[in-house]
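This is what each chain is made of:
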Amino acid sequence: MTKPPAQLSRRAFIGTGAKSTLALAAYTALGSKFEPALLAASVPQATRAQAASLQPAFARLDEMIVAHMRETGAPGLTLAIANREGTLRVATYGLADIKSGTKVAPERLFQIGSISKSFVAIALLQLREEGKLDLHKPVGQYLPWLKIVSKFEPVTTHDILSHTAGLPEAPLLLDALLAEIPTGSKPGSHFLYSNTGYNILGFLVEALDGRPFADAMRARLFQPLGMTASAPVISNDTRARMAVGYRPFYEDRPFPLHGRLAEAPWIEMDMAAGSITSTPGDMALYVRMLLNKGATPRGRVYSEESFRLMTTPVINSPFRGEPAGYGYGLWISDINGHTRLRHTGGMVAFSSSIDCDVTEGLGAFASVNANLRGYRPVAVTRYALDCVTARTHGATLPAIPTPAPPPDEVKNAADYAGTFTSPDGSKLTLVAEGSRLLLVARDGQRVALERAGRDLFLVKHPDYDLYLLGFARQNNRVAEAFHGAVWYTNEAYTGARAFNYPKEWDAYAGHYFNDSPWYGTARVVLRKGQLLFDGVQPLAPAEGGSFRLGDETDPDRVTFESVVGGKAMRLNYSGIIFRRVFTP
């Protein structure tokens, strides 16, 4: 789920409290002395002989994971590897609780996030097999209370399963489903990832099955698969068995590599877009079922025809920048002639990845107990498959991936060097020293900038830490700089210097907050006659004085409400209310 790190960015959700000082202190005290290590590994008796031949691959993989966790700052990690015959390995690394020093154990629950969507898809395909669901009928025929408002043809279950319904992405709270839900495009015409859609599908499972969502999922999937440790919803009953989850200590600003972490607030989650918690052992059972196209030693979970429907791409949609199509709850790719089924999951405080090579008959799942702002352990599941596949075929084990360059390495630092001036005369001075770009702060401190995207940088200085520092180009030369509401230019800039905009927009700039940890904080700035979230994400004017975050097909809307004393007191984001807070 990666866009500019505005709290309200699309795909930022199944992704962002109480900030535990004790947890932070424990994490900081560990510092560089904390070396994540393999803490437990097990293989079922049935596949032990096969797994024994893979020990060199597992050793290389362990080495990679320890380095990966050190590089990313992940507190703990669980891993499962399976083939068509069974579980090849379950392994755990690092800490389940930084404060107490409790290590991750195989029985610890981790939240799998949006990987839950494939479970929901299977349950609906089972209902189709039972004659209770027509995938191509309007979903409103099954859920008469649902108020989808559209100028296009009615939305079907097929459209929602494949994220082609044009529904809003973001809202994860029930309130948003009870209001009118708009669509932004003709069903089937665009891929638009929608948590809203999959939350609707959870209610559809209930309506057709006749049992509460959690009971239906247990009966339809967990019990047939033998996933006895897993839970279909995140509730207080599961909390004691779950690893502690972590998220950025400072929730209201850009998060640097190895930034401070704090314990995330506990929340229950019963919405189908991402409600499942599981162990690596249970997820190995799920991987095995997918590799066998719905079959298990206990019988079929769903038919081979249903598996084909689920894994046939409906629409092209890149998977984290790689060519792929989306089916029902899974991305499908052809990689070197092999069919790969993949998905990721991001929660308030967990990040997960699943990768199944159906052609090879091998799959992996990994989960980390932290939200590291856009991170998912995709590199771990990919490397697990690469190592085991190479060993199985007698090939040389792949080299451990080269670590990413340090974030303060800016090879084109000279592009940005120089002095920029704002309309009020304030200066921004940058100096290039080899492959480092330094900002000269007002207090004289020289601060190395860290890359955060194309022409975007993170500045570790209290005068600059609330927003990213960004740059814009003219004729391939850096000509503008911006930080929050402040705009700077240099001698290369030749454009306009005055900008017209509706004066009521002045009331909209400010800091807004929502109590749910799914949403948290957002800042709106006005720069160059444009409203922007967190200084980087444009708000485009839409109908009725509202704004959208993306192009014309984006159904999510932002409105500003209750203007008092020249300031909007509320920001409404697709039915989710943020209130103004009078802090910077």
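Scroll up to find the structure this text is about.
I will try to describe carefully the structure that is included in this document. Computed from a prediction, not measured in an experiment: that's the story for all the values here.

1. Focus: the overall build of the protein chain
Alright, step 1. Within the protein chain, the regular secondary structure consists of twelve helices and 36 strands.
Alright, step 2. Here the C-alpha atoms of the protein chain give a radius of gyration of 24 Å, agreeing with the 25 Å that 2.2 N^0.38 yields for 584 residues.
Alright, step 3. Structurally, the protein chain occupies a C-alpha span of about 75 × 55 × 45 Å along its principal axes.
Alright, step 4. A burial count over the protein chain gives 57% of its 584 residues as buried.
Alright, step 5. Total accessible area computed for the protein chain in this model is approximately 23,000 Å², and 52% of it derives from carbon and sulfur atoms.
Alright, step 6. Counting 61 positive and 55 negative side-chain charges, the protein chain places the averaged centre of each group 2 Å from the other.

2. Regarding the side chain of threonine 72
Alright, step 1. Residue placement: threonine 72 occurs in helix H3 (residues 55-72).
Alright, step 2. From its side chain, threonine 72 meets the backbone nitrogen of alanine 74 in a polar contact 3.4 Å long.
Alright, step 3. Every residue in contact with threonine 72, bar those within four places of it in the chain, is listed here: Leu257, His258, Leu372 and Tyr375.

3. Quick notes on the packing of H3 against helix H12 (residues 378-392)
Alright, step 1. One can describe the packing of H3 onto H12 by two numbers: an axis separation of 9 Å at closest approach and a directional angle of 160°. Taken as axis vectors, H3 and H12 run roughly antiparallel relative to one another. Of the two elements, H3 crosses H12, and the hand of that crossing is right-handed. Listed contacts from H12 to Pro56, Ala57, Phe58, Arg60, Leu61, Met64, Ile65 and His68 of H3 are Ala379, Val380, Tyr383, Ala384, Cys387, Val388 and Arg391.
Alright, step 2. Taken together, the residues of the contact of H3 with H12 break down into twelve nonpolar, one polar and two charged.

4. Overview of a nonpolar patch on the surface
Alright, step 1. A surface patch of nonpolar side chains, amounting to about 270 Å² of accessible area, comprises Trp145, Leu174 and Leu178.
Alright, step 2. With respect to the secondary-structure elements, leucine 178 resides in helix H6 (residues 174-178).
Alright, step 3. Leucine 178 gets classed as partly exposed once you look at its relative accessible area, which sits at 48%.

5. Some words on the pattern of salt bridges
Alright, step 1. Applying the stated criterion to the full structure yields 28 salt bridges.
Alright, step 2. Aspartate 465 is the partner of arginine 253 in a salt bridge, and the nearest nitrogen-oxygen pair spans 3.2 Å. With arginine 253 in the loop between strand E8 (246-248) and strand E9 (261-263) and aspartate 465 in the loop between strand E24 (456-458) and strand E25 (469-474), this pair connects stretches of sequence that are 212 residues apart.
Alright, step 3. Linked through salt bridges whose partners overlap, the residues forming this network are Glu130, Lys132, Asp209, Arg211 and Arg220.

6. Some remarks on the environment of phenylalanine 307
Alright, step 1. Along the polypeptide, phenylalanine 307 turns up in helix H11 (residues 304-310).
Alright, step 2. Taking the C-alpha atoms as reference, phenylalanine 307 lies 42 Å from glycine 259; in sequence the two are 48 residues apart.
Alright, step 3. Each residue touching phenylalanine 307, except ones within four places of it in the same chain, is listed here: Leu290, Lys293, Gly294, Tyr302, Leu341 and Val358.

7. Observations concerning H12
Since the α-helix turns once every 3.6 residues, residues separated by three or four places project in the same direction.
Alright, step 1. Helix length check: H12, at 15 residues, gives a terminal C-alpha distance of 21 Å against a target of 21 Å (1.5 Å per residue), a fit within 8%.
Alright, step 2. Turning to H12, its buried residues are Val378, Val380, Thr381, Tyr383, Ala384, Leu385, Cys387, Val388 and Ala390.
Alright, step 3. Tucked into the core, H12 has its buried residues touching H3, strand E2 (76-83), strand E3 (87-97), strand E16 (338-346), strand E17 (351-357) and strand E18 (362-368).
Alright, step 4. Two residues or fewer after H12 comes glycine 394, characterised by a positive phi angle close to 70°.

8. Some details on the packing of aromatic side chains
Alright, step 1. The tally for this structure, following the rule as stated, stands at 24 aromatic pairs.
Alright, step 2. Relative to phenylalanine 547, the ring of tyrosine 508 has its centre 6.1 Å away and its plane inclined at 80°; by these criteria the two rings are edge-to-face. Taken together, the residues span a long stretch of sequence, with tyrosine 508 in the loop between strand E27 (486-489) and strand E28 (510-513) and phenylalanine 547 in strand E33 (residues 547-548) at a distance of 39 residues. Across the pair, exposure class does not vary: tyrosine 508 and phenylalanine 547 are buried alike.
Alright, step 3. Ring plane angle 75° and centroid distance 5.9 Å describe the contact between phenylalanine 547 and phenylalanine 560, whose orientation is recorded as edge-to-face. In this pair, phenylalanine 547 sits in strand E33 while phenylalanine 560 sits in strand E34 (residues 558-564), placing the two residues 13 residues apart along the sequence.
Alright, step 4. Three or more aromatic residues joined by ring pairs form one cluster here, namely Tyr501, Trp505, Tyr508, Tyr512, Phe547 and Phe560.
Alright, step 5. Geometry around tyrosine 198 places lysine 117 over its ring, the cationic atom sitting 5.7 Å from the centre.
Alright, step 6. If you follow lysine 503 out to its NZ or CZ, it ends over the ring of tyrosine 501, 4.2 Å from the centre.

9. Re unusual backbone geometry
Alright, step 1. Here histidine 163, not a glycine, exhibits a phi torsion of approximately 55°, which is positive.
Alright, step 2. Within the secondary structure, histidine 163 sits in the loop between helix H5 (157-161) and H6.
Alright, step 3. Taking relative accessible area as the criterion, histidine 163 reaches 1% and is therefore assigned buried.
Alright, step 4. If you check the backbone angles, histidine 258 has positive phi at about 60° while not being a glycine.
Alright, step 5. In this structure, histidine 258 sits in the loop between E8 and E9.
Alright, step 6. What makes histidine 258 partly exposed here is its relative accessible area of 43%.

10. Some remarks on helix H7 (residues 195-209)
Alright, step 1. Taking 1.5 Å as the rise per residue, H7 with 15 residues should run 21 Å; its terminal C-alpha atoms sit 21 Å apart, in good agreement.
Alright, step 2. For H7, a buried count of twelve out of 15 residues is recorded, marking the element as mostly surrounded by other parts of the structure.
Alright, step 3. The inward-facing, buried residues of H7 contact helix H4 (116-129), H5, H6, strand E7 (181-182), helix H8 (213-225) and strand E14 (325-326).
Alright, step 4. Between a side-chain oxygen at the N-terminus of H7 and the backbone nitrogen of threonine 196 the separation is 3.5 Å; the capping residue is serine 194.

11. Some points on the state of the cysteines
Alright, step 1. Counting across every chain of the model gives zero disulfides.
Alright, step 2. With no disulfide partner, cysteine 356 has as its closest neighbouring cysteine sulfur the one in cysteine 387, 17 Å distant.
Alright, step 3. Judged by its relative accessible area of 0%, cysteine 387 is buried.

12. A few points about the pairing of strand E20 (residues 427-433)
Alright, step 1. When strand E19 (residues 418-421) meets E20, the two strands line up antiparallel, connected through four bridges. Of the residues in E20, the one forming a bridge with threonine 421 is lysine 427.
Alright, step 2. What sits between E19 and E20 in their antiparallel hairpin is a turn of five residues, with glycine 425 showing a positive phi close to 95°.
Alright, step 3. In this sheet, strand E21 (residues 436-440) lies alongside E20 in antiparallel orientation, the contact comprising five bridges. By the bridge assignment, glutamate 433 is partnered in E21 with arginine 436.
Alright, step 4. Following E20, the chain reverses through two residues before pairing antiparallel with E21; glycine 434 in that reversal takes a positive phi of roughly 65°.

Thresholds, definitions, all that
Residues numbered from 1 in each chain as written. Predicted model: local features only at pLDDT ≥ 70, side-chain atom pairs only at ≥ 80, totals over all residues. Heavy atoms only, no water. Helix = DSSP H or I, 4+ residues; strand = E, 2+ residues; numbered from the N terminus. Rg over C-alpha atoms; globule rule 2.2 N^0.38 Å. Buried < 20%, exposed > 50% of the residue type's maximum accessible area, 1.4 Å probe, protein only. Areas by Shrake-Rupley, 256 points an atom, 1.4 Å probe, with all protein chains shown as cover. Lys, Arg positive; Asp, Glu negative; His and termini not counted. Charge placed at Lys NZ, Arg CZ, Asp CG, Glu CD. Polar contact = N/O pair within 3.5 Å; in protein donor to acceptor, adjacent residues only side chain to side chain. Contact = heavy atoms within 4.5 Å. Axes fitted to C-alpha atoms, helices over the stretch in contact; angles between N-to-C directions. Parallel < 35°, antiparallel > 145°, perpendicular 65-115°, else oblique. Left-handed = near helix turned anticlockwise from the far one by under 90°. Nonpolar A, V, L, I, M, F, W, Y, C, P; charged D, E, K, R; others polar. Patch = residues over 30% accessible without salt bridge, like charges linked within 9 Å, V, L, I, M, F, W, Y side chains within 5 Å. Salt bridge = Lys/Arg side-chain N within 4 Å of Asp/Glu carboxyl O. Expected span 1.5 Å × (residues − 1). Phe/Tyr/Trp six-rings, centres within 6.5 Å; stacked < 30°, edge-to-face > 60°. Lys NZ or Arg CZ within 6 Å of the ring centre and 35° of its normal. Disulfide = S-S within 2.5 Å. Pairing = 2+ DSSP bridges.

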